[in-house]
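Here's the letter readout for the chains.
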Amino acid sequence: MQERENFQSRLGFILAAAGSAIGLGNLYQFPFKAGQGGGASFLILYLIFTVVICFPILLSEIAIGRKTQSNPAKAYSNLGFPKWNIVGLMGVICGALIFSFYILVAGWVLKFLVESIQGNLVYGKESFFTLIADPYETMLYASIFMLITAFFVSRGIKEGIEKIAKYVLPGIFIILIILIIYALTLPNAFEGIKFYLIPDFSLLLDMNTIQAALSQSFFSLSLGMGALITYGSYVSKKENILRASIWITLSDVTVAVLAGFLIFPLVFSQGIDPKSGGGLLFITMSEIFSSMGGLSAVILSTMFFLLLSLAALTTTISFLEVSVAYSIEKYDLNRKKAAYIVAAIILIIAIPSAMSHMKSGIFNSGFITYFNTEISVSFMDFIEDIASDFYLPLGGMLIVFFTSRVWKLVNFKEELTIKNKFDEKIVTLALFSLRYLILPVLLLLIILTVLNHFFGINLIN
Ligand code: PFF
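These remarks concern the structure in this document. (Residues numbered from 1 in each chain as written. Predicted model: local features only at pLDDT ≥ 70, side-chain atom pairs only at ≥ 80, totals over all residues. Heavy atoms only, no water.)

As for the overall build of the protein chain
At step 1: A tally of helices and strands in the protein chain yields 18 helices and two strands.
At step 2: Principal-axis analysis of the C-alpha atoms places the extent of the protein chain at approximately 60 × 50 × 50 Å.
At step 3: Within the span of the protein chain, comprising 461 residues, buried residues form 61% of the whole.
At step 4: In the protein chain, of all internal contacts separated by at least 6 residues, the share reaching a separation of at least 24 is 81%. (Helix = DSSP H or I, 4+ residues; strand = E, 2+ residues; numbered from the N terminus. Buried < 20%, exposed > 50% of the residue type's maximum accessible area, 1.4 Å probe, protein only. Contact = heavy atoms within 4.5 Å.)

Focus: the packing of helix α3 (residues 40–68) against helix α13 (residues 241–269)
At step 1: Relative to each other, α3 and α13 sit at 145°, their axes nearing to 10 Å. Crossing angle aside, the handedness with which α3 passes α13 is right-handed. Within the contact between the two elements, α3 uses Leu43, Tyr46, Leu47, Thr50, Phe55, Leu58, Leu59, Ile62, Ala63 and Arg66 and α13 uses Ile241, Leu242, Ser245, Ile246, Ile248, Thr249, Asp252, Val253, Ala256 and Val257.
At step 2: A breakdown of the residues in the contact of α3 with α13 according to their chemical character gives 15 nonpolar, three polar and two charged. (Axes fitted to C-alpha atoms, helices over the stretch in contact; angles between N-to-C directions. Left-handed = near helix turned anticlockwise from the far one by under 90°. Nonpolar A, V, L, I, M, F, W, Y, C, P; charged D, E, K, R; others polar.)

Things to note about the site of the ligand
At step 1: As a structural note, the neighbourhood of the ligand is formed by 14 residues, with Ala21, Gly25, Tyr102, Phe219 and Met225 the closest of them.
At step 2: Burial of the ligand by the protein amounts to 100% of the accessible area it has alone, namely 340 Å².
At step 3: Mapped onto the shell around the ligand, the elements with two or more residues apiece are α1 (10–21), α2 (24–36), α11 (207–220) and α15 (294–331).
At step 4: Considering every element that reaches the shell around the ligand, the biggest residue donor is α2, with three residues. (Near = heavy atom within 4 Å. Areas by Shrake-Rupley, 256 points an atom, 1.4 Å probe, with all protein chains shown as cover.)

Quick look at unusual backbone geometry
Backbone phi values are negative for most residues with the exception of glycine, while trans is the configuration of most peptide bonds.
At step 1: A positive phi angle, close to 75°, is found at Asn188, a residue other than glycine.
At step 2: With respect to the element layout, Asn188 can be found in the loop between α8 (157–184) and α9 (189–197).

Some thoughts on the environment of Leu110
At step 1: Relative to the helices and strands, Leu110 is located in helix α5 (residues 85–117).
At step 2: Between the alpha carbons of Leu110 and Phe195 there is a distance of 30 Å; along the sequence they are 85 residues apart.
At step 3: Once you skip the residues sitting within four places of it in the chain, Leu110 turns out to touch Tyr141, Ile144, Phe145 and Ser309.

With respect to the packing of aromatic side chains
At step 1: Across all of its chains, the model carries 40 aromatic pairs by this definition.
At step 2: Taking the centre distance of 5.2 Å and the plane angle of 85° together, the rings of Tyr196 and Phe261 count as edge-to-face. A residue pair is termed long-range when its members are at least 10 positions apart, and Tyr196 in helix α9 and Phe261 in helix α13 qualify at 65 residues. (Phe/Tyr/Trp six-rings, centres within 6.5 Å; stacked < 30°, edge-to-face > 60°.)

Describing the pattern of salt bridges
Between side chains of opposite charge, a pair can form as their charged atoms come close.
At step 1: Tallying each qualifying case throughout the model produces 11 salt bridges.
At step 2: A salt bridge links Arg4 to Glu329, with the shortest nitrogen-to-oxygen separation between them at 2.9 Å. Here Arg4 is found in the segment before α1, whereas its partner Glu329 is found in helix α15, with 325 residues between them in sequence.
At step 3: For Arg4, a relative accessible area of 26% corresponds to the partly exposed category.
At step 4: Between Asp423 and Arg243 there is a salt bridge, and its shortest N-O distance comes to 3.1 Å. You can see Asp423 sitting in helix α18 (residues 421–455) and its partner Arg243 sitting in helix α13, a full 180 residues away along the chain.
At step 5: On the accessibility criterion, Asp423 (0% relative accessible area) is buried.
At step 6: Given a relative accessible area of 23%, Arg243 falls into the partly exposed group.
At step 7: Taken together, the shared-partner salt bridges connect Lys111, Glu115 and Glu137 into one network. (Salt bridge = Lys/Arg side-chain N within 4 Å of Asp/Glu carboxyl O.)

Overview of α11
At step 1: Between its terminal C-alpha atoms α11 stretches 20 Å, which fits the 20 Å expected from 14 residues at 1.5 Å a residue.
At step 2: Burial of α11 is extensive: 10 of the 14 residues sit out of reach of the surface.
At step 3: Within the span of α11, buried status applies to Thr209, Ile210, Gln211, Ala213, Leu214, Gln216, Ser217, Phe218, Phe219 and Ser220.
At step 4: Where α11 starts, the residue carrying a side-chain oxygen 3.1 Å from the main-chain nitrogen of Asn208 turns out to be Asp206.
At step 5: The first or second residue beyond α11 is Ser222, which carries a positive phi of 60°. (Expected span 1.5 Å × (residues − 1). Polar contact = N/O pair within 3.5 Å; in protein donor to acceptor, adjacent residues only side chain to side chain.)

Some remarks on the environment of Glu159
At step 1: For Glu159, the location among the structural elements is in helix α8.
At step 2: Overall, Glu159 belongs to the partly exposed group, its relative accessible area being 37%.
At step 3: When the C-alpha positions of Glu159 and Phe7 are compared, they lie 9.4 Å apart, and in sequence the two are 152 residues distant.
At step 4: Within the local environment of Glu159, its side chain forms a polar contact with the side chain of Lys163, the two groups lying 2.9 Å apart.

Pasting the structure below:
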C-alpha cells in the first residue's frame, strides 16, 4: 500500500482546490456565456446558483473526501455503502473523458502563448482554424502541456500540487488585475462595464440563460466528478473545511467576475459583438492585440495567454490527480509511474477529439447524429455533451442524494466546524438546500439538457 500524503497547510489546500476550480471555465467560458446571456443578468443568476446550489455540493464533496480519506471510487464503501462506489467510479471515468478534450484546449492556449512571445499577434486571427484542424499540432502542444502536468502530479501532494498552486494562484490574480487596469483605460471601456453590470431583467427569467448560468457555476467549481472528493481526501482532520470551502468558492467567483471586467472593456473598445461566442477568446483577443500593435501589445498578449496557461495548468493537475489517486489505490502503483501512465492513456483517448475539427474523417462534425434530430456533432462535442454537460450535473445530483438521504445530514454536519453565528447561518442554508432544493433543480437541469442536446427539443422558449 502506498502511503497517503496530506496537504501541509489549510492555505495550501485552499489554493490547490481553488486552482482546480479556477481554469478555462472562468476565463474562457464565463465571459462568452455571460456575453450571450446579456452580461449582468447572467452574472446575477450565476452568483445565486453558486451560493444556493453549488456551494453546498462543494462542501459535500470535500466532506466525503476528508471523512473517508480515499479516492472517489472507494470513498463510499469506506462510509459503509459499497454499492455507491459506482458513482465514484463513473466520476473518475467521466473526469478522464472531460480531461481528454480540456487538455487539447490547454494545448491551444500554450501555442498562443508561444506565438505571443514571438510577437506574432496576428496568429489567432489568421491561423486559429488551421491550428484546431491540425491534429498533429494540436496533439503536440497538448502533449507538452500534459508532460508539465504529469511532472507536478508525480511529485505528490505537498511537493507538487500544493507548491505549484502557491506560486501560480497569486500570479493569476496579479496578472488579471494588471490587465484589467489597462483594459479600463481604453476608449469605450465604460460601455463594456455597463453591459456587464446593468441587468436586462427580462433575461433573468429566460430559461436558456438560467440553464447556462447553472451549468457554468457547476463546471467552474469542478463539481460532480469527485475532483473535490479527491482533494478533500488529503485534508487533515484538524482543518476547518467549512471555512476552506468558503474561500475556494469566493476565489473562483472572484476570478470569473474579474474576467468579465477584463474581457468586456476590451471587446467594446474594439467594437466587437459581445455575443460572438466560443471564438471570443482566441480570435477576438488576437484581433484586439494585433490592432493595438507595438511592444505593449506583445507584452499584453503574452501576459494574457500566460494567465490562461497558468489557470489551465492548476486545473489539468486536478484532473490528472483524480485518475492518478484512483490508479495508485486500485493497482498499488507508485505515484510517479501512475502519473505518466495515466497521462499517456488520456492523450491516447484525446486523439479522436484532436481529429474532430478536420475537414474530413470520421470524427468531425458528422461523427454522430442524435436521436430523431438533425443535430450532428463531432467526437469532441459528443464527449463534452455526455461527460460534461450531462454527467457532471448527474454526478452532482447523486452526491447530494447520497449526502442527504444515505449518509445523512447529521453525519455530514459532524464533519463541519461551526465557530460563530456566520458559520451557523451558512451551514443552515447549505443543509436546507441539500435537503430540499438541489435535487429538484438539478433533475430539471438534467432533463432540459437531455431534451435539448440529444433530442433537439427546447421546452422553454
Ligand atoms: N473548474 C474547471 C474550470 O473552470 O476550468 C473545470 C473543471 C475541473 C471541471 C475539474 C470539473 C472538474 F472536475
